[in-house]
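Inside the fold
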Amino acid sequence: MMPALVSKILLKYCEKQLLSIVLLSGKAYTFSLLGKACLQPYFGEKRPMFESLPSVPADPILHLAVMHREDTNPNKVDLGLGVYKDEQGHTPIMRAVVAAEQRLLDLEDTKTYVGMAGWARYNQLLADVVLGADNQPMAECRVAIAQTPGGTGALRVICDFINAAKPAAKVWVGKPTWANHHAIIKSAGLTLAEFPYFDAATHSVDFAAMMATLETEAEAGDLVLVHGCCHNPSGADLNLEQWRALGELAHKKGLIPFVDIAYQGMGDGMEEDAAGLRLVASMVDEMVIASSCSKNFGLYRERTGTALVITKAAEHAAVVQGQMNGVIRGNYSMPPSHGALVVQTILEDPELKADWLAELAEVRQRIARLRSELVQALQAAGVKQDFSFIERQKGMFSFLGVDKDQVNSLVNDHSVYLVGSSRINVAGLNDTNMANFAKAVAAVL
Ligand code: LMR
């Protein structure tokens, strides 16, 4: 290759700065002169917009799936991403979903648009799933509902809608909460504040500290985000008395409960898991709820969720519905149809519904069994520390309670993938990997 030939250097003033124009191998390059010898490419008014963007760290949860996929260790264990897995480590399509999809394939005769709020029938059915059959807010037409792209979509629609109703409103979240709550709340322009939630020493909810913070610091019109059940990441849930106390506080102070229920049916049952949320709904005038069908219907990639806004009166619900539709139209226009039609087909057919509930019960029982087996496996591996709290917690997640170095050692030395906070997805365990996992934990403790 010919060496580049500098044939000429011209200096000139342009846009109030001294520029050098260098002719290199017959082509002209422009630099701005910084100090004595530092040259920086000069693009004039047309500076590339993306050149100064900082790079974003990998998502702390989603990235684990990539790391696990790329690990060639045959004994690797994936306890990262929150998806249910069966004994073979596979995330199955539920039987009722397969049957419903077959029906849709046979019957669906158009792919024309659905409305901004999605399928009206799905929305009604989901309101009953979340709020209970014959619930008061629906009977009084006080609920605005939108089918959304997953539970995350529901959270974002609600946050955008709240920001339209009360710009930069404050949303209180537990410490810790699902990491993505922070991103969603901030992206919508809302203000994030934290209350203490999980006590690492007792492995349970520090309810007194949570209530003391909300009592003294939260103000009327603030939202309080709590997990409906199966707390992500800790597995530590509020009991019914605590829900009641939260409802009383919200009512007294004019706080708006904001419930994220992404794991209904994975804890104690479809009705039991929504009991706290329903109690609070009966105690307050206004409330917002994000619900997901990703886990309980196993419809993760079909992005099927629901945003519900309970208002004080029917006339408010109509206005809220219009506002939510506006938010949706200005964002993704309308939700994907498929997952919602699958759910609707299942919920409308008694046989499919019974089969879905039966399979969900199998899932729930398997998770509960894995929790007990893990406690025993840790003991068998020689761990002296008390891990019995894992058995008391609900849903797919628990904190191991180990520090960052121990997490890194589990990932790098033992090919055990878990979230940096030490959150494990218990559903990723099975008879094959349980003992290895327990040994790895024993090795890092
Ligand atoms: C999780 O917490 O692992 C799941 O909710 C998946 C996700 O999107 O983070």
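For the structure itself, look to the data block above.
Residues numbered from 1 in each chain as written. Predicted model: local features only at pLDDT ≥ 70, side-chain atom pairs only at ≥ 80, totals over all residues.

When its secondary structure is counted, the protein chain shows 15 helices and 17 strands. A total of 445 residues make up the protein chain; the buried ones form 42% of that total. Put simply, of all contacts in the protein chain between residues at least 6 apart along the chain, 70% involve residues at least 24 apart. (Helix = DSSP H or I, 4+ residues; strand = E, 2+ residues; numbered from the N terminus. Buried ≥ 20, exposed ≤ 12 C-beta atoms within 10 Å, placed from the backbone. Contact = placed C-beta atoms within 7 Å.)

In this section: the pairing of strand β8 (residues 191-196). Two elements, strand β7 (residues 170-175) and β8, share six bridges in a ladder whose sense is parallel. Paired with V173 across the two strands is E194, which belongs to β8. Handedness of the β-α-β unit built from β7, helix α6 (residues 179-187) and β8 comes out right-handed. (Pairing = 2+ DSSP bridges. Right-handed = clockwise from strand over helix to strand, strands pointing away.)

A few words on the site of the ligand. Residues in close proximity to the ligand include I61, L81, G82, W178, N180 and N232, which together make up its full environment. Among the residues making up the shell around the ligand, the classes are represented as three nonpolar, three polar and no charged. (Near = placed C-beta within 6 Å. Nonpolar A, V, L, I, M, F, W, Y, C, P; charged D, E, K, R; others polar.)

What follows concerns the nonpolar core. What tends to happen in soluble globular proteins is that the nonpolar side chains get buried as a cluster. Counting residues in hydrophobic clusters, the biggest one holds 119 residues, and the most contacted among them are I158, V224, A307, V309 and M324. Taken together, domain 2 (62-92 + 365-444) and domain 3 (113-348) each give at least three residues to this core, which thus spans both. In this view, V224 contacts W172, L214, A218, A250, L255, P257 and F258; residues no more than four positions away in its chain are not counted. (Core = buried A, V, L, I, M, F, W, Y, C linked by C-beta atoms within 7 Å. Domains from an automatic or database assignment.)

Remark: helix α5 (residues 150-165) packs on helix α10 (residues 314-329), axes separated minimally by 9 Å, with the N-to-C direction vectors making an angle of 115 degrees. Viewed along their axes, α5 and α10 form a crossing whose handedness is right-handed. Two secondary-structure elements touch here, α5 through V157, D160, F161 and A164 and α10 through Q323, M324, V327 and I328. In the contact of α5 with α10, the residues fall into six nonpolar, one polar and one charged. (Axes fitted to C-alpha atoms, helices over the stretch in contact; angles between N-to-C directions. Left-handed = near helix turned anticlockwise from the far one by under 90°.)

What follows covers the sheet that holds β7. Reading across the sheet, the seven strands line up as β6-β14-β13-β12-β11-β7-β8 and stay open at both edges, with mixed pairing between neighbours. Each of the sheet's edge strands pairs with one partner strand only, and the pair in question is β6 (143-148) and β8. Along the sheet, successive strands turn relative to each other by an average axial angle of 20 degrees, direction set aside. The pairing of strand β13 (residues 287-292) with strand β14 (residues 305-310) spans six bridges and is antiparallel. Pairing of M287 across the sheet is with I310, part of β14.

Along the chain, H338 turns up in helix α11 (residues 338-348). Each C-alpha atom, one on H338 and one on K111, is 9.8 Å from the other, the two residues being 227 residues apart in sequence.

What follows deals with the environment of A318. Looking at where A318 falls in the secondary structure, it is placed in helix α10. Overall, the presence of 13 C-beta atoms within 10 Å leaves A318 in the partly exposed class. Separated by 177 residues in sequence, A318 and C141 have C-alpha atoms that sit 8.9 Å apart.

The end-to-end C-alpha separation of α5 is 23 Å, in line with the 22 Å expected for 16 residues at 1.5 Å each. In terms of burial, α5 is a largely internal element, 13 of the 16 residues being buried. (Expected span 1.5 Å × (residues − 1).)

Here we take up the pairing of β7. Both β7 and strand β11 (residues 223-227) contribute to a ladder of three bridges, which runs parallel. Along β11, the bridge assignment pairs V171 with L223.

Another aspect to go through is unusual backbone geometry. For the peptide bond that leads from K175 to P176, omega is 5 degrees, which places it in the cis range. Of note, P176 is situated in the loop between β7 and α6. Cis geometry marks the peptide bond from N232 to P233; its omega dihedral reads 25 degrees. If you trace the backbone, P233 turns up in the loop between β11 and α8 (240-253). In this structure, H203 is a non-glycine residue whose phi angle is positive, near 60 degrees. Looking at the element boundaries, H203 is found in the loop between β9 (198-199) and β10 (204-205). Look at H203 and you get buried, because 20 C-beta atoms sit within 10 Å.

On to the packing of helix α7 (residues 207-217) against α8. Where α7 contacts α8, the axes come no closer than 11 Å and their chain directions differ by 5 degrees. For the element pair α7 / α8, the angle class is roughly parallel. Counted together, F207, M211, L214 and E215 of α7 and Q242, A245 and L249 of α8 form the full contact between these two elements. Along the lines of polarity and charge, the residues of the contact of α7 with α8 split into five nonpolar, one polar and one charged. (Parallel < 35°, antiparallel > 145°, perpendicular 65-115°, else oblique.)

Now for the environment of G322. Take G322: it is sitting in helix α10. In this structure G322 comes out as partly exposed when scored by C-beta crowding, with 13 C-beta atoms within 10 Å. Residues G322 and A117 lie 205 residues apart in sequence; the distance between their C-alpha atoms is 9.5 Å.

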